[in-house]
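# Residue-level structural notes
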Amino acid sequence: MMLLKKVVVPILSLSWTCSFAFTLRYQKVQHHRFAIINSEDEYEESSTTKSRRQCYGIINRRNLLIYGSVLLPSIIIQATAASADDQGSILDGEKQCKDGRIASESQVPGAYQQLCMSLKERTFKLQSSGDTITVAQGTNSAGGSSVAGRTGVAVWNSGILLTRLIDEINRNSSIFKGKTVLELGCGAGLASIALAKFGSSSVIATDANVEVLELAKQNFDLNNVSSLANTAELKWGLLDASEYDGIADVVVGSDLTYNSGSWLALAETMATVLKRDGVVLYLTLGHSGFNVQGELGGFLQVAENAGLRVLQEEQIIVGQKLTDLLERITSNDEKQVINANGGVRAVLLGKKTSKKFR
């Protein structure tokens, strides 16, 4: 883009300026010539009238050429520069979103959006295993360029933090290894892919959106985890969740509690699919206009009525707290982005009937 602005645009401007000067000079000579002819007394009236008409015609054509010489290069330069700016934005976006960074977001009708969502794919490095995950995004697919009503087609900051948290827990704990893990609201499948890489015996990635599940399946194939990770359509609530009754050793999810109207159905789903001694790892990240503390607090009250309770974190992740892990896995710049939108909270839940975690 800098080459365009410093070299190409000045060359275009110079060439059009020279063309403009030549046009003015040529038309001035022609105009002067007809003025001389027009001033000679021996010309008849009809000849003089004809000459005047020719002169006026040349003047009009001259004005047209002048306007065109001035306006056309300006239009071309602005259009070219705009195209370069768009390309530059894409390149800047790729740099800003490199290595799965947390990016600032803005509110759009019906959802939130960020620059990283416009990329066709993103890559993430798992620290505990050394694997690199590539996740294709469907933001610009046939479904449209917006995430409104189809939020799962893009990777969200909350999904990135959940994956990092799972990655960090995996360093000092084996709660995922050899276990059946079910993800609620899997989206593009980032966390499920990581869980498959960490040695889970089976990963069930669930979502209510068929388009999202198809994208997750493509990403499983892309990352060679299709033998361990599968997708399943699951709408929250006792009726649909009963098909997976007691199947999961671990349930994970992120950014699922922004709508208080779905709290009961979500809590019932968690309690139904979870084994008696199973664990739920849930993370919620703030957005503009949302209070993370109030949101999670309200959901936990509903979850308790559904048969779940908050577990002591040190029992699950070998003497470490989730708040300490979250602090460790985010950079200072990312902390600013997170705090500007209300912060982040993570919690471990288990069944009240469990005798393992007392």
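The structure reproduced in this document is the subject of the present report. Every chain is numbered on its own, with residues counted from 1 as its sequence reads. Thresholds applied to this predicted model are a pLDDT of at least 70 for local features of residues and 80 or more for the giving and counting of side-chain atom pairs; totals over whole chains, interfaces and linings are not thresholded and use all residues. To get the side-chain values, take all heavy atoms of the structure and skip hydrogens and water.

### Quick look at the pattern of salt bridges
Any carboxyl oxygen of Asp or Glu that lies within 4 Å of a side-chain nitrogen of Lys or Arg is treated as forming a salt bridge with it. Per the counting criterion, the structure on display carries 6 salt bridges. Note that Glu334 is salt-bridged to Arg164, the shortest N-O span being 2.8 Å. Of this pair, Glu334 sits in helix α11 (residues 332–340) while Arg164 sits in helix α3 (residues 157–172), and the two are 170 residues apart along the sequence. The cut-offs for exposure are 20% and 50% of the maximum accessible area for each residue type, with area from a 1.4 Å probe on protein chains only; residues under the lower value are buried, those over the upper are exposed, and the others partly exposed. For Glu334, a relative accessible area of 7% gives the class buried. For Lys335, the salt bridge is made with Glu327, and the minimal N-O distance between the two is 3.9 Å. By definition, any uninterrupted DSSP run of H or I lasting at least four residues is a helix, any uninterrupted run of E lasting at least two residues is a strand, and each is numbered from the N terminus.

### So, helix α5 (residues 210–222)
Look at α5: 18 Å from first C-alpha to last across 13 residues, which is about the 18 Å you get at 1.5 Å a residue. Among the residues of α5, Val212, Leu213, Leu215, Ala216, Asn219 and Phe220 are the ones counted as buried. Down the axis, α5 shows its buried residues gathered within 160° of arc, on one side only. In this fold, the buried residues of α5 make contact with β4 (132–136), α4 (190–197), β6 (202–207) and β7 (229–233). Sitting at the head of α5, Asn209 places a side-chain oxygen 2.8 Å from the backbone nitrogen of Glu211. Asn224 occupies a position one or two residues after α5 and carries a positive phi of about 60°. One less than the residue count of a helix, multiplied by 1.5 Å, gives the span that helix is expected to have. As used here, the arc belongs to the directions running from the helix axis to the C-beta atoms. Contacts between residues were defined by any pair of non-hydrogen atoms, one from each residue, lying within 4.5 Å. Polar contact is the term for a pair of N or O atoms within 3.5 Å; when the atoms are in protein, one must be able to donate a hydrogen and the other to accept it, and sequence-neighboring residues count only if both atoms are side-chain atoms.

### Looking at the packing of aromatic side chains
Each Phe, Tyr or Trp ring (for Trp, its six-membered ring) is paired with any other whose centre lies within 6.5 Å, and the angle between the two planes then decides the class: stacked below 30 degrees, edge-to-face above 60, tilted in between. The final tally for this structure, using the stated rule, is 1 aromatic pair. Ring geometry for Tyr282 versus Phe299: centroids 6.0 Å apart, planes at 50°, classification tilted. With a gap of 17 residues between them, Tyr282 in strand β9 (residues 274–285) and Phe299 in helix α8 (residues 292–305) connect regions that are remote in the sequence. Of the two residues examined, Tyr282 and Phe299, each falls in the buried class.

### Re the sheet that holds strand β8 (residues 248–254)
Spatial ordering of the open sheet is given by β7-β6-β5-β8-β9-β11-β10, a layout of 7 strands whose pairing is mixed. A strand with exactly one partner marks an edge of an open sheet, and here the two such strands are β7 and β10 (308–310). Going from strand to strand, the sheet's axes swing by 25° on average, the running direction of each strand aside. In this description, strands pair whenever DSSP reports at least two bridges between them. For β8 and β9, the ladder comprises 6 bridges, and the chain directions are parallel. Residue pairing for β9: Val250 is matched across the bridge by Val279. Angles run from 0 to 180 degrees between N-to-C directions of axes, and those axes are lines fitted to C-alpha atoms, restricted for helices to the stretch in contact. Helix α7 (residues 263–273) contacts β5 (180–184), β8, β9, β10 and β11 (344–351) of the sheet and is inclined by roughly 145° relative to β9.

### What about the pairing of strand β3 (residues 121–125)?
Taking every second residue as pointing to the same face, the buried face of β3 carries Arg122 and Phe124, while none of Glu121, Thr123 and Lys125 on the other face is buried. With 5 bridges connecting them, β3 and β4 associate as antiparallel partners. When the sheet's bridge partners are listed, Thr123 is paired in β4 with Thr134. In this antiparallel pair of consecutive strands, β3 and β4, the connection spans 6 residues, and Gly130 shows a positive phi of 85°.

### Focus on the state of the cysteines
Disulfides are defined in this document as cysteine sulfur pairs within 2.5 Å. Evaluated as defined, the whole model comprises 1 disulfide. Residue Cys97 pairs covalently with Cys116 via a disulfide, S to S 1.9 Å. For the disulfide bridge between Cys97 and Cys116, the dihedral angle about the S-S bond is near -95°, and by the sign convention the bridge is left-handed. One end of the pair, Cys97, is in the loop between α2 (45–96) and β1 (106–108); the other, Cys116, is in the loop between β2 (111–113) and β3, with 19 residues separating them in the sequence. A residue is classified by how much of its surface remains accessible, and Cys116, at 0% relative accessible area, is buried.

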